Amino acid sequence: MKNTFTLFAFIGLTLSTWAQSPSQKQSDQHFSELRTKVNHYNTWLRTNSSAIRLAPTIQLDSIISSKIDTLDNSWSKISRADLTFYPNGLIKTYTDEYLAEKITVFYNQQGYQTQLIRFKYELGNWVEDSKEELIYNNANLPITYKYFIYNNSISNWELNYTENKIYDTSNNLLTTINSRKNGSIFENEDKKELAYNSNNLPILEAYYRWKNNAWFPLSKTEGTYDANGNKLSETWSMTDSTTLIKQRKEEYTYTTFDEPEMGINYEWDTTFQLWTKMDSTWKVYNSTKLLATDTTFRWTGLNWEFNNLNEYAYNQNGQILLEENKLLNMGLFQVNTRTVYQYDAANRRVLYENYFRNDFDNYLTYNYKSENFYSSNGDFGYNIHSRGQDSSWIALSKYENYFDPNTQVDDIVPNNWFWWKPFQLLRSKSYHYTNNQSVLADTTAYYYSDIINSIPSIENETVTIYPNPTTGILILSGEIESGVSLDLVNMAGEIVRTYVSTSSNLRVNISNLVPGVYFLRIQNKNGVIIKKVLKQ
């Protein structure tokens, strides 16, 4: 599985979706979808600033999207995004064909993003628009995030927003403080504080808002755990005027194999100053420790009253086949919703069908269906969405994706949301249905080139390396032919060391190299083997 493909596809495609033709209306559905992806990326970047974003080992050069004109049935190119890597591989630049935006991203020697600069095109020139900077500690955890806006009146960057993080000695996040420029004054905005027990499990999470030159508490969450690290209780408090007031509490019990068994929800009674029961959930597992049923009850004040029941069935591989929600009707269980799943011989999901009970005729009604289809060698797949109408399915849309056959297709992903998956997308097409016939609506092509000489795989189990991470000595064993070349490549794509194997077991010394991420490339007669190495 090619983790590098997934990682760069996420960064590269997301940036590319910012490309928009000025001639296209913002209301266009296609660009509405693209803008949704941009917002998703921005949210991800803000909320997951601690996530590793390594410089990629494969380059997505360009993405070209075309849309069919329904008036004359002709194709028109609606967007193009081109990406350029600088020679050291630690900088990448994205530019869209319509000169709407250019983005340059910088990485440090450990492969972590340190700076992102956005440019806009004005009067025939690229001018600075905004800038983001990230600073890391020795454990490669982000400690400072800065967002700048370029001020043309002073021809310089102006700091607009900061986020500062503090960690304990176990690298647990303790404090996050956000600050923002308000007029000519830079002031605090909000703060999050966390505390942990001796097992590094969070026992406190508190939020504050800066108000009247002091931190004003907004909410607090507290947790307790058993000796196995299972959460026993969680309590939520919210600010009422000026004081944190208890709101809700959940208590949990577990099976002998540490799966949730019972959960009870409580609400704080402000009049009597005590916890009152609200509802509970009871879970039962089958012989293979998979969830078989979960039942919810409501507290009447005297006893527990049945609310609803969920039942689950699985195949021999532990994949879910059936999920039903049931309610009581005149003393009998009645199916309220039903979801059916099917899989192929490769254990890939091929069918998802959902039904719900119609209150008018009291029958299960067709609701939604999704079907996945795969080619035999994994280089093509498509997905069809259908909606229910009476007792039949009406096709709504179809999405086709074409992949690099050397990578693995885990699932068909509609709307090009493919960056979470370990495969390399080459082309995608989308269709809508008219009179039960699929009509091609738009298509997108993806063009790649390699940085580290056509890496076919990032990992290979025929060769093992240890210790990894290492401070100096690496021991290699497995299917390594005598006399073959072994290259150690840094994140910039540069060969920093070359070795020649003398046997199937080899020791190499990298103690004098700068700490960071490297790739060991082994050229056997059957192909290239790539192993990731972390030098401490």
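Residues numbered from 1 in each chain as written. Predicted model: local features only at pLDDT ≥ 70, side-chain atom pairs only at ≥ 80, totals over all residues. Heavy atoms only, no water.

## Re the overall build of the chain
For the chain, the count of helices and strands is two helices and 33 strands. Among the 536 residues that make up the chain, the fraction classed as buried is 43%. Taking all contacts inside the chain whose residues are at least 6 apart in sequence as the whole, residues at least 24 apart take part in 35%. Counting only carbon and sulfur atoms, one obtains 49% of the accessible surface of the chain, whose full area is about 28200 Å². (Helix = DSSP H or I, 4+ residues; strand = E, 2+ residues; numbered from the N terminus. Buried < 20%, exposed > 50% of the residue type's maximum accessible area, 1.4 Å probe, protein only. Contact = heavy atoms within 4.5 Å. Areas by Shrake-Rupley, 256 points an atom, 1.4 Å probe, with all protein chains shown as cover.)

## Some remarks on the nonpolar core
Counting 18 residues, the largest nonpolar core has Leu476, Leu486, Leu520 and Ile522 as the members making the most contacts within it. Contributing elements (two or more residues each) for this core: strand 27 (463-466), strand 28 (473-478), strand 29 (485-490), strand 31 (505-509), strand 32 (516-524) and strand 33 (527-535). If you tally residues by element for this core, the top one is strand 32, at three residues. The residues touching Leu486, leaving out its near neighbours within four places in the chain, are Leu476, Arg497, Thr498, Tyr499, Val500, Ser501, Leu506, Leu520, Arg521 and Ile522. In terms of nonpolar packing, the next biggest core, distinct from the first, is built from six residues, Tyr112, Tyr145, Tyr147 and Tyr161 among them. (Core = buried A, V, L, I, M, F, W, Y, C linked by side-chain atoms within 4.5 Å.)

## Section: the pairing of strand 16 (residues 274-285)
Regular strands place side chains that alternate from one sheet face to the opposite one. Summarising the sheet, strand 15 (residues 260-269) and strand 16 pair through eight bridges and their orientation is antiparallel. Bridged to Tyr266 within strand 16 is Lys277. As consecutive antiparallel partners, strand 15 and strand 16 are separated by four residues, and within that stretch Gln273 has a phi angle of approximately 55°, a positive value. In this sheet, strand 17 (residues 291-299) lies alongside strand 16 in antiparallel orientation, the contact comprising seven bridges. Opposite Lys283, over in strand 17, you have Asp294 as the bridge partner. (Pairing = 2+ DSSP bridges.)

## Looking at the environment of Arg497
With respect to the secondary-structure elements, Arg497 resides in strand 30 (residues 495-500). Considered as a pair, Arg497 and Asn509 are twelve residues apart in the sequence and their alpha carbons are 10.0 Å apart. Sequence-distant contacts of Arg497, that is, excluding residues within four places in its chain, are made with Leu486, Asp487, Leu488, Asn512 and Leu513.

## Some remarks on the pattern of salt bridges
Taken as a whole and judged by the stated rule, the model has 18 salt bridges. Of the charged contacts in the structure, one is a salt bridge between Lys120 and Glu122, with a shortest N-O distance of 3.4 Å. Among the ionic pairs, Lys120 bridges to Asp129, the shortest N-O distance being 3.8 Å. The class of Lys120 is partly exposed, set by a relative accessible area of 29%. Within this structure, Glu311, Glu324, Lys326 and Arg338 form a network of salt bridges that share partners. (Salt bridge = Lys/Arg side-chain N within 4 Å of Asp/Glu carboxyl O.)

## A word on unusual backbone geometry
With the exception of glycine, the majority of residues adopt a negative phi angle, and the majority of peptide bonds are in the trans configuration. Of note, Asn200 is a non-glycine position whose phi angle comes to about 65°, a positive value. Tracing the backbone shows Asn200 in the loop between strand 10 (185-196) and strand 11 (202-211). What makes Asn200 partly exposed here is its relative accessible area of 35%. Phi is positive for Gln273, close to 55°, though the residue is something other than glycine. Relative to the helices and strands, Gln273 resides in the loop between strand 15 and strand 16.

## Some thoughts on the side chain of Ser386
Following the sequence through the fold, Ser386 ends up in strand 23 (residues 380-389). Taking relative accessible area as the criterion, Ser386 reaches 4% and is therefore assigned buried.

## Some thoughts on the confidence of the model for the chain
For the chain, the mean per-residue pLDDT works out to 75, and 69% of the residues sit at or above 70. Counted against residues more than four places away or in other chains, residues 1-58, with its pLDDT under 50, gives 150 contacts. Note on residues 407-423: pLDDT under 50 across the span, and 74 contacts to partners over four residues away in sequence or across chains. (pLDDT = per-residue confidence, 0-100.)

## Quick word on the environment of Val489
For Val489, the location among the structural elements is in strand 29. For Val489, a relative accessible area of 1% corresponds to the buried category. Measuring from C-alpha to C-alpha, the distance between Val489 and Val533 comes to 9.7 Å, with 44 residues separating the pair along the chain.

## Brief notes about the packing of aromatic side chains
Under the criterion given, the structure shown has 15 aromatic pairs. Geometrically, the ring pair formed by Tyr145 and Tyr161 is edge-to-face, given 6.2 Å between the ring centres and 65° between the ring planes. You can see Tyr145 sitting in strand 7 (residues 142-151) and its partner Tyr161 sitting in strand 8 (residues 156-167), a full 16 residues away along the chain. Neither Tyr145 nor Tyr161 differs from the other in exposure class; each is buried. When the centroid spacing of 5.0 Å and the interplanar angle of 80° are considered together, the rings of Tyr150 and Trp157 count as edge-to-face. Each residue in the set Phe297, Phe306 and Phe333 is aromatic and connected to the rest through ring pairs, giving one cluster. When the ring centre of Tyr208 is taken as reference, the NZ or CZ atom of Lys191 above it lies at 4.9 Å. Residue placement shows Lys249 over the ring face of Tyr266; its charged tip is 5.1 Å from the ring centre. (Phe/Tyr/Trp six-rings, centres within 6.5 Å; stacked < 30°, edge-to-face > 60°. Lys NZ or Arg CZ within 6 Å of the ring centre and 35° of its normal.)

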